[in-house]
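Coordinate inspection notes
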Amino acid sequence: MSYIGRFAPSPSGPLHFGSLVAALGSYFQARSNKGRWLVRMEDLDPPREMPGAAQLILNTLEAYHLYWDGDVLYQSQRHEAYQEKVDEWLLTEKAYFCQCSRKQIKALGGFYLGTCRHKKLTCEKECAVRLRVDKPITHFDDKIRGRIEIPPTLAAEDFIIKRRDGLFAYNLAVVLDDIEQGITEVVRGSDLIEPTGRQIGLYQLLNTTPVDYLHLPLAIDEFGHKLSKQNHAEAIDLQHPKPTLIQAMRFLGFVIPKEIQEAKLDEILAWGCSNWSINELPLKIEITTPFSNGAL
Ligand code: GLU
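This text gives an overview of the structure that appears in the document. Remember, it's a predicted structure, so these values are computed and weren't measured experimentally. (Residues numbered from 1 in each chain as written. Predicted model: local features only at pLDDT ≥ 70, side-chain atom pairs only at ≥ 80, totals over all residues. Heavy atoms only, no water.)

1. Considering the pairing of strand β2 (residues 36-41)
The buried fraction of β2 amounts to 5 of the 6 residues, a majority that puts the element mostly inside the structure. Sheet topology places strand β1 (residues 4-7) next to β2; 4 bridges connect them, and they run parallel. When the bridges of β2 are listed, F7 appears paired with V39. The parallel pair β1 and β2, bridged by helix α1 (residues 17-32), forms a crossover whose chirality is right-handed. Sheet topology places β2 next to strand β3 (residues 73-74); 2 bridges connect them, and they run parallel. What sits directly across from M41, in β3, is Y74. (Buried < 20%, exposed > 50% of the residue type's maximum accessible area, 1.4 Å probe, protein only. Helix = DSSP H or I, 4+ residues; strand = E, 2+ residues; numbered from the N terminus. Pairing = 2+ DSSP bridges. Right-handed = clockwise from strand over helix to strand, strands pointing away.)

2. Structural notes on the state of the cysteines
A full pass over the atoms with the stated rule returns 1 disulfide. Across the disulfide, C123 is cross-linked to C127 (sulfur-sulfur distance 2.2 Å). Across the S-S bond of C123 and C127 the torsion is about 105°, and the bridge reads as right-handed. For C127, a relative accessible area of 7% puts it in the buried group. (Disulfide = S-S within 2.5 Å.)

3. Quick notes on the site of the ligand
All residues adjacent to the ligand are R6, A8, P9, S10, E42, Y170, V174, R188 and L192. Contacts to the ligand include S10, whose side-chain N or O atom sits 2.8 Å from a nitrogen atom. One of the side-chain N or O atoms of R188 is found 2.8 Å from an oxygen atom in the ligand. Summarising the interface, the protein chains cover 80% of the accessible area of the ligand, which totals 300 Å² for the free molecule. Class assignment for the residues of the shell around the ligand results in 5 nonpolar, 1 polar and 3 charged. (Near = heavy atom within 4 Å. Polar contact = N/O pair within 3.5 Å; in protein donor to acceptor, adjacent residues only side chain to side chain. Areas by Shrake-Rupley, 256 points an atom, 1.4 Å probe, with all protein chains shown as cover. Nonpolar A, V, L, I, M, F, W, Y, C, P; charged D, E, K, R; others polar.)

4. Quick look at the environment of L281
Summarising the element assignment, L281 is placed in the segment after α10 (265-275). With 65 residues separating them along the chain, L281 and L216 place their C-alpha atoms 7.5 Å apart. Apart from residues no more than four positions distant in its own chain, L281 is found in contact with I144, L214, L216, P217, L252 and W276. (Contact = heavy atoms within 4.5 Å.)

5. Concerning the sheet that holds β2
Taken in spatial order, the 3 strands of this open sheet run β1-β2-β3, and their pairing is parallel. Edge positions in the sheet fall to β1 and β3, since each of these pairs with one other strand and no more. Contacting β1 and β2, α1 crosses the sheet at an angle of about 150° to β2. Contacting β1, β2 and β3, helix α2 (residues 53-63) crosses the sheet at an angle of about 155° to β2. (Axes fitted to C-alpha atoms, helices over the stretch in contact; angles between N-to-C directions.)

6. Brief notes about the environment of L216
Turning to its location among the elements, L216 is positioned in strand β10 (residues 212-216). With relative accessibility at 1%, the residue L216 sits in the buried group. The residues contacting L216, other than those within four sequence positions of it, are V21, A22, G25, R145, V187, R188, G189, S190, L252 and L281.

7. As for the nonpolar core
Formed by 49 residues in total, the largest nonpolar core has its most connected members in L24, F28, W37, L61, L66 and M249. Broken down by element, this core gets its largest block of residues, 9 residues, from α1. For L24, the residues in contact, after removing those within four places along its chain, are L66, L245, A248, M249, L252 and L269. Counting residues in each nonpolar core, the second largest holds 33 residues, with I4, W89, A95 and V129 among its members. (Core = buried A, V, L, I, M, F, W, Y, C linked by side-chain atoms within 4.5 Å.)

In structure tokens form, the structure reads like this:
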């Protein structure tokens, strides 16, 4: 089977150093496996999106010469496919409506205990749809991290596939889209280790072999916070991509010879594809560096 990888940014802000690391990791892994590299725009949550961010992200990838294959898939165009599955699972009682508020769940200890599982609620307004988790996924294998255990309470939780506000849940969309796009391996930040069990559960429900998983080290700032759009991580430099590209490649474990550092973007990336090794990825720590634009 030929390799298909992807980068799946959420357009909640411009591309920052952490998302560049995820883009590069998935790019090098796909290209060094002679595979395709797709881009999917995860525009699933309009209230958290920044107008223009989707295009800005694509422009940034182009400025870094990270050229994707085929057309960009937009999750905002996929609602019908998501709703079809939600309806099917409601009908076959694999999913159910839930009216519990976040506050109520918190009062019961923070984990959802299946309160509405057998209530056979119909939905007048403001209901989430939860999936019945009958076979919890308690562990999975990560390509570089090995066996990852999932805490039992988390694994057993009936999780949300459609939110109370009517938006589709990330876990549902990501799995249906990875299947639709024929993805064979997911390479992404280790902040997404936690939901992986749920995603594998969805593959099982869909009778489909799950993708392989590789979770990259996470970039954190000097205060120990994950670089994220919510934490207002700085946008990466579009005008002078080379220093940031080199910095992100070093973060991924590359030791880059001087002549490559001085080469053109395409040559640096081609060198990266031939020298990529997942065994060089730093795993234990998520490196702390004060990231700032152009400060190299
Ligand atoms: N859209 C998610 C994010 O930007 C990534 C989803 C994934 O790679 O599975 O954090």
